[in-house]
Amino acid sequence: MKKIIIAAIIISITALFIIIKTDNEGKIITQKRTLTVIKSLKKEDLQKLAKKKVYFAHMSVGYNILAGVQSIIKKNNLSIKLVEVKDKKADLTEPAIYHSKVGANIYPLKKITDYKKKIQKIYGNKINIAFLKFCYIDINVKTDINKVFSTYQDTLKVLQKKYPKTIFVHMTVPLNAEGNVTIGKKIKDFIKGIIGKQKYKDKMRTANIARKSYNDLLRKTYKKNRLFDLAKFESTTEKGIEKFSLNNSIKHNFLLKEYTYDGGHLNKRGREFIAEQLLIFLTKVK
């Protein structure tokens, strides 16, 4: 009897690891992109950015990106400053990248409302560049994409008209990794497969497809020099290979595993890559 139980356990464990190893993440297709790096920029471009006042409204992934910005600043001896604003009265006398939390996660409409209030009370016409970043958790299959986008677009039209001295730029919604990044999640998916529940990796794919719908509206509406395509960079290697997941004939970006430690937030490698591309983007905003 013991031999039978031991054999059953061995078979189960073997089956588990086979499933983990052969987990199908959808067909991956690639495309070559041209990337710019900080070292290839003219010094005067970075010096001009260091003299500007930028406001970045964000939440957790935003802190990841800013940690990367700080690292890039230190590595390249840049004179750009980061200043977190935690109260309603901000001293905006110095050039810097000012940043603060905005709204609450899962509620994109609240983030838009809070962003508008912050611009009206603190930053309007006192900042050269301003932008809002949603979190990946704000957009999913249950989100009314058209409502969120129309609210965002209408709000930005009002702000740009009221504060013509501030350039409002935009950022695509960040993504999730689509595979099971940790062994714990792989085991949970194995169990969910047995009991018939939707797996983590499938939820991430459908959520990324929803984010694609929102991001595509941004891409169609705003010019490239006013849109930082965070989603595309999260799906692009440092060598400029953009990767797409193809599911049900829908080609969409996803967060590369090498850029994350939990499937949503950025690790050191991801932070620095995204941060460098963001700084490059900001030097080109006019």
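Fair warning: this is a prediction, and the values are worked out from it, not measured in the lab. (Residues numbered from 1 in each chain as written. Predicted model: local features only at pLDDT ≥ 70, side-chain atom pairs only at ≥ 80, totals over all residues. Heavy atoms only, no water.)

A. Region of interest: the overall build of the chain. Looking only at helices and strands, the chain features nine helices and ten strands. Here the chain holds 286 residues, and the buried ones make up 48% of them. For the chain, the share of sequence-separated contacts (at least 6 apart) that also reach a separation of at least 24 residues comes to 75%. Within the structure as shown, the chain displays about 15,300 Å² of accessible surface, and the carbon and sulfur contribution to it stands at 56%. (Helix = DSSP H or I, 4+ residues; strand = E, 2+ residues; numbered from the N terminus. Buried < 20%, exposed > 50% of the residue type's maximum accessible area, 1.4 Å probe, protein only. Contact = heavy atoms within 4.5 Å. Areas by Shrake-Rupley, 256 points an atom, 1.4 Å probe, with all protein chains shown as cover.)

B. Looking closely at the pattern of salt bridges. Counting across every chain of the model gives eleven salt bridges. A salt bridge links Glu242 to Arg33, with the nearest nitrogen and oxygen atoms 3.8 Å apart. Of this pair, Glu242 sits in strand 9 (residues 241–247) while Arg33 is found in the loop between strand 1 (27–32) and helix 2 (43–50), placing the two residues 209 residues apart along the sequence. In this structure Glu242 comes out as buried when scored by relative accessible area, which is 1%. The shortest N-O distance in the salt bridge between Glu272 and Lys75 comes to 2.7 Å. With Glu272 in helix 9 (residues 268–284) and Lys75 in helix 3 (residues 60–75), this residue pair connects regions lying 197 residues apart in the sequence. Each of the salt bridges in this network shares a partner with another, and the network as a whole consists of Lys212, Asp216, Arg219 and Asp229. (Salt bridge = Lys/Arg side-chain N within 4 Å of Asp/Glu carboxyl O.)

C. Summary view of the environment of Ala130. Mapped onto the secondary structure, Ala130 falls in strand 5 (residues 129–132). The exposure class of Ala130 is buried, given its relative accessible area of 0%. Along the primary structure Ala130 and His99 are separated by 31 residues, whereas in three dimensions their C-alpha atoms are 9.6 Å apart. Contacts of Ala130, omitting those with residues within four sequence positions, involve Tyr55, Tyr115, Ile119, Thr166, Ile167, Phe168 and Val169.

D. Quick peek at the environment of Gln277. With respect to the helices and strands, the residue Gln277 is situated in helix 9. By relative accessible area, which is 6% here, Gln277 ends up buried. Distance in space between the C-alpha atoms of Gln277 and Leu230 is 8.9 Å, their sequence separation being 47 residues. For Gln277, the residues in contact, after removing those within four places along its chain, are Leu35, Thr36, Phe228 and Phe233. A polar contact of 2.9 Å, which involves the side chain of Gln277, links it to the backbone oxygen of Thr36. (Polar contact = N/O pair within 3.5 Å; in protein donor to acceptor, adjacent residues only side chain to side chain.)

E. Structural detail: the sheet that holds strand 5. Spatially, 3-4-2-5-6 is the arrangement adopted by the five strands of the open sheet, whose pairing is parallel. At either margin of the open sheet sits one strand with a lone partner, and together these are strand 3 (82–84) and strand 6 (167–168). Inspection of the sheet shows strand 5 paired to strand 6 by two bridges, in the parallel sense. Opposite Ala130, over in strand 6, you have Phe168 as the bridge partner. (Pairing = 2+ DSSP bridges.)

F. Fine view of helix 2. Among the residues of helix 2, those classed as buried are Leu46, Leu49 and Ala50. Down the axis of helix 2, the sector holding all buried residues measures 105 degrees, keeping them to one side. Among the structural elements, helix 9 are those in contact with the buried residues of helix 2. (Arc of directions from axis to C-beta.)

G. Inspection of the nonpolar core at higher detail. Judged by nonpolar contacts, the single largest core of 42 residues is most densely connected at Phe131 and Leu279. If you list the elements that add at least two residues to this core, you get helix 2, strand 2 (53–58), helix 3, strand 5, helix 8 (230–234) and helix 9. When residues in this core are grouped by element, the largest group, eight residues, is from helix 9. Among all residues touching Phe131, those that are not within four sequence positions of it are Val54, Tyr55, Phe56, Ala57, Tyr115, Val169, His170, Met171, Leu278 and Leu282. Listed in part, the 30 residues of the second largest apolar core include Ile112, Ile139, Phe149 and Tyr163. (Core = buried A, V, L, I, M, F, W, Y, C linked by side-chain atoms within 4.5 Å.)

H. Molecular detail of the pairing of strand 10 (residues 250–253). As judged from the four bridges shared by strand 9 and strand 10, these two strands associate in the antiparallel manner. Counted as the bridge partner of Asn247 is Ile250 from strand 10. The hairpin turn running from strand 9 into strand 10, its antiparallel successor, is two residues long, and Asn248 in that turn takes a positive phi close to 55 degrees.

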